[in-house]
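Chains, contacts and geometry: an overview
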Amino acid sequence: MMEIQKKIEKRYFLFIATIVVCVIIVIAIFQSYVEEQKRIVNFTEALELQMLTCRNVVNKIHFISDNYSNASDYKRLEDFKSYSNGFISSHKSIYKKIVLENENSSSKNRFYIDSIFSISNSSIEKINTISNALVKGQQNLPNIDNKFHEAEATYLHAMNTLLIHQQNVIKTRLDDLKKVIVIVAILFGLFVLGGFFIILIPVFDNLLSSNKVLTDLKSSLLAKEKYNRIFIEQSPSSMAMLDNDMKYIAASEKWKEDYKITDKHIIGKSHYDIFPEITDDWKALHQKCLKGEIDICDEAPFIRKDGTVQWLSWDVRPWYLSENEIGGLLMYSRDITKLKNDEIAKLRVEQILESTTKVARIGAWEVDMKTDKMFFSDISKEILKLPEDYEVYSKKSLHFYNTEVSRTQIVNAIQRLIKTGEPFDLELEIMDMDGEEKWIRDIGQAEFVNGECIRLYGVFQDITVLKKSENALKKQNQLLNFAEEMNVTGHWQWNVKANSVKWSSNLYKIVDMDEATANVTPETFFEITHPDDFEMVSKHFESKFMDNKFNQDIIYRIITAKGKVKIIQVLSKLFKDSSGEIIEIIGTFQDITHQRTAEIKFRGLLESAPDAMVIINKDSIVHLSNKQAERIFGYSSTELLGQPISVLVPKSVQANLEAIQKQFIDNPEELRLSEVKELIGVNKDGREFPINISLSPLQTEDGLLISIAIRDITNEKEYEDKILKSNKNLELTALKLTNQNVQLADFAQITSHNLRAPVSNLNSLIDMYQMSTEEGEKAMVFEKFEKVVIHLTNTLNNLIDALKIKNKVVEKQNISLTSAFKHAEAKLAPQIIESNARITSDFSAIDEIFFNKTYIESIFLNLLENSIKYKSNDRTPEIHVKSYTIDGKIKLEITDNGLGINLKRHGKKLFGLNKVFHRHPDAKGVGLFMTKMQIESMGGSIKAESIVDQGTKFIINFN
């Protein structure tokens, strides 16, 4: 192999050197062609420029011909001559250049070029001659122009022919270059191909020699692949072979069976199309395996598309086409769902068992018969309170058993177990390591090999609580039997499905039967029933069975085995199964003969009572009631039975009744009628009436009962109300007379005070009149008479108005304060405008009062007029009126910022007749007097608060 490699390297270097030389030659050829093309292109561009220059010369001739006038255009002709000489010089330069370049060309080509240039040279000579003649002015201009056009046409045609010739030369050269390129490419390709063959000859030789080996290897691989596919497909394990695209190459039947895809053709299909539920995490693991990793998992859940969970274990690893080339993945999996479910179930059972043993406190024990060593579980050690490292031997474990009886029982049981294999199940008393006494239930078994006991094992349960409960239950049963004997009560059980009955011992005694010999059945209840009560008892039980309810007791008579008639009370309760059928009835059977006899006697006494009598228990539930109670409240004894006593009083006084009951229960002494506060009763129709009650204790076998005597005191209360009303009316009359007397005294004082001065003035004027001798003096006195009489008249009129207010019965109605205020404000509009007063009001708190309309308008009018009349000259009058309530009383405030009143000096006479406190021409002292009279006549009052030079506030109380 190394020799072949060396040969290839030598030939490879020689091949590369040859290619480099060929490339250099090709580049040189291309370079010469490029240079020649550049010269031809430059020459062509020069020809095009020369033809353009020729046209420009012609244009200048046209211009000069069209614009030639005199010798003043000499300068222009000189320029033209210079331009024409340049044109001729460039032509000669082109001619020399093309002659030089075509020296090595063919004679035909040189002849062709010489012919063209001989024509163009002739035209150039003509152009040069014409230009000189034009400059010297030797010919006329039109002839020069025609000749120049002829020379131009010939020259341009020659040059155009030469240009076409050069373009053809360029095209020919390009065609030659293409041919050269094609020939070079073909030769280069042949050379490269030959070089490769020369280089690879050793390889081909080696390949030819190895071809047979490869063919044999391929056949072998195909056979192996076939065998591998057969191996995978027929493998009893769940296997699959996939390529790099995760498409199936082969899969075992077990694979299809485990994944429930036996009806699908999966070869050539994507693994992810077959299992779209595969998560991205698993896909990432597959990609890692395709890079060479191995993924092994002992267990994992695979959530299928239908939501079921399949538990799997797997081994996923790459398979290789060659040493480092991965061909795909091999997947081996195992469906461990059943094993996992069994494991979960087992774990659940173990957890339940462990929890059960902890809750039930059940521990295990074991004895190795060879070593006599005992082993205890954790619960066992916990029950016995043993340390973790404590070692116990069976022969030295008897100290755990608390009593001799327990030790004897366990020793005998173990000896029988070892000899005969008979298991034991004992309840024993033990004592733990802390000295605490306990009860255990010990169960033991033995393991025998070839007839020899090699191991003892078992469990024991801490039944201390159960044993204590059992002993307590026994005591309770004894107490129950004793209580049944004391209360003459028995109990019974009726298994409805089995139609069997069990009686307690005391029940047999009640019916005078021998418990040892009597054969009781459900029919026995009816057999001992008194004939007169048989139909009632039968209907009672039939109705209870139909209603599936045994929630009421029944009292009836029986005839005992000894012929005695007894009154019994039966209480029962039923139990049902899941379908609602009665499966068992239990109940009590009490002999209440003595109680019923006493009750009949008590009932007779109760019915003979003059008052309503109601018997209640501590919970305020009615046990008995008499006819008087039915007459007063309308409830029959049956209706009241079992009802709370609170139904006989309205809700408003139930708290009072409960307080009386509580006080009585705490100190059950008899409360006499005269000592009890009055209550309100309510009958069946809802009518309320006053009652008196008396409570008395009543000791019975059922405990303390409360006897309540109730008396309807409606008539007494009516008489009492009439007396109270009469007393109240007398008090009101006396108060009214007192007020009238006070008012009359005040009025008499006012009258005396206000009439004394005018009358005194009249007397004085009369004396003056009688003493006057002159007519002038008498006339003057008479004028004074008139003023005094007018003043006296006004005083009398005011007093008469006041008397009318006091004595007149005025009409009251609902009045709007806002409306009355607006009415008064409208009447005072001129004064308000003149004084520029600002008046505000607020009746939002209370706007409607029950009052006389005329009076309220007069009150507003007088108080507003006073506020305006006695305004301060130093500030704008401001008056505010508002209403409000305090403790249910309606009040009205009128506040101003006027002159104010000195209440210390004038407070007592503020509301007096003809009392004025400011010097105002319109002041009369009547307004406040009339206002006070009107308010008081309606049962109200008025007061004032004032500060001099700040203002006054009047407060009216309407109640």
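Residues numbered from 1 in each chain as written. Predicted model: local features only at pLDDT ≥ 70, side-chain atom pairs only at ≥ 80, totals over all residues. Heavy atoms only, no water.

The name an unreviewed UniProt entry gives the protein chain is histidine kinase, with Winogradskyella endarachnes as the organism. In the Catalytic activity (unreviewed entry) part of its UniProt record, the protein chain is described as follows: "ATP + protein L-histidine = ADP + protein N-phospho-L-histidine." (UniProt positions renumbered as here; feature names shortened; annotations may be inferred.)

Residues that lie three or four places apart on an α-helix share one face, since the helix turns once every 3.6 residues. For helix 21 (residues 817-827), every residue scored as buried is listed here: L817, A820, F821, A824 and E825. Along helix 21, the residues classed as buried sweep out an arc of 135° about the axis, all on the same side. When the buried face of helix 21 is taken as reference, the exposed residues oriented beyond 90 degrees from it are A826 and K827. Next to the buried residues of helix 21 lie strand 22 (813-816), helix 22 (829-835), strand 23 (838-842), strand 24 (848-851), helix 23 (853-869) and strand 25 (878-886). (Buried < 20%, exposed > 50% of the residue type's maximum accessible area, 1.4 Å probe, protein only. Helix = DSSP H or I, 4+ residues; strand = E, 2+ residues; numbered from the N terminus. Arc of directions from axis to C-beta. Contact = heavy atoms within 4.5 Å.)

With that out of the way, let us pick up the environment of E382. Structurally, the position occupied by E382 is in helix 9 (residues 378-384). On the accessibility criterion, E382 (44% relative accessible area) is partly exposed. Spatially, the C-alpha atoms of E382 and R361 are 8.9 Å apart, while their sequence positions differ by 21 residues. When near neighbours in sequence (up to four residues on either side) are disregarded, E382 contacts R361 and K438.

Our next topic: the packing of aromatic side chains. This structure, assessed with the given rule, holds 18 aromatic pairs. Relative to F525, the ring of W492 lies with its centre 5.2 Å away and its plane at 65°, an arrangement referred to as edge-to-face. With W492 in strand 12 (residues 489-495) and F525 in helix 13 (residues 522-527), this pair connects stretches of sequence that are 33 residues apart. Taking 5.2 Å as the distance between ring centres and 80° as the angle between the ring planes, the aromatic pair formed by F851 and F958 counts as edge-to-face. Separated by 107 residues along the polypeptide, F851 in strand 24 and F958 in the segment after strand 28 (951-957) bring together distant segments of the chain. For the pair F851 and F958, a shared accessibility class is recorded, and that class is buried. (Phe/Tyr/Trp six-rings, centres within 6.5 Å; stacked < 30°, edge-to-face > 60°.)

With 16 residues, helix 18 (residues 651-666) should cover 22 Å at 1.5 Å per step; its first-to-last C-alpha distance of 23 Å lies within 8% of that length. When helix 18 is considered as a whole, its buried residues turn out to be V653, L657, I660, Q661 and F664. Across the axial projection of helix 18, the buried residues extend over an arc of 100°, all falling on one side. Facing away from the buried side of helix 18 by more than 90 degrees, the exposed set consists of K651, A655, E658, K662, Q663 and D666. (Expected span 1.5 Å × (residues − 1).)

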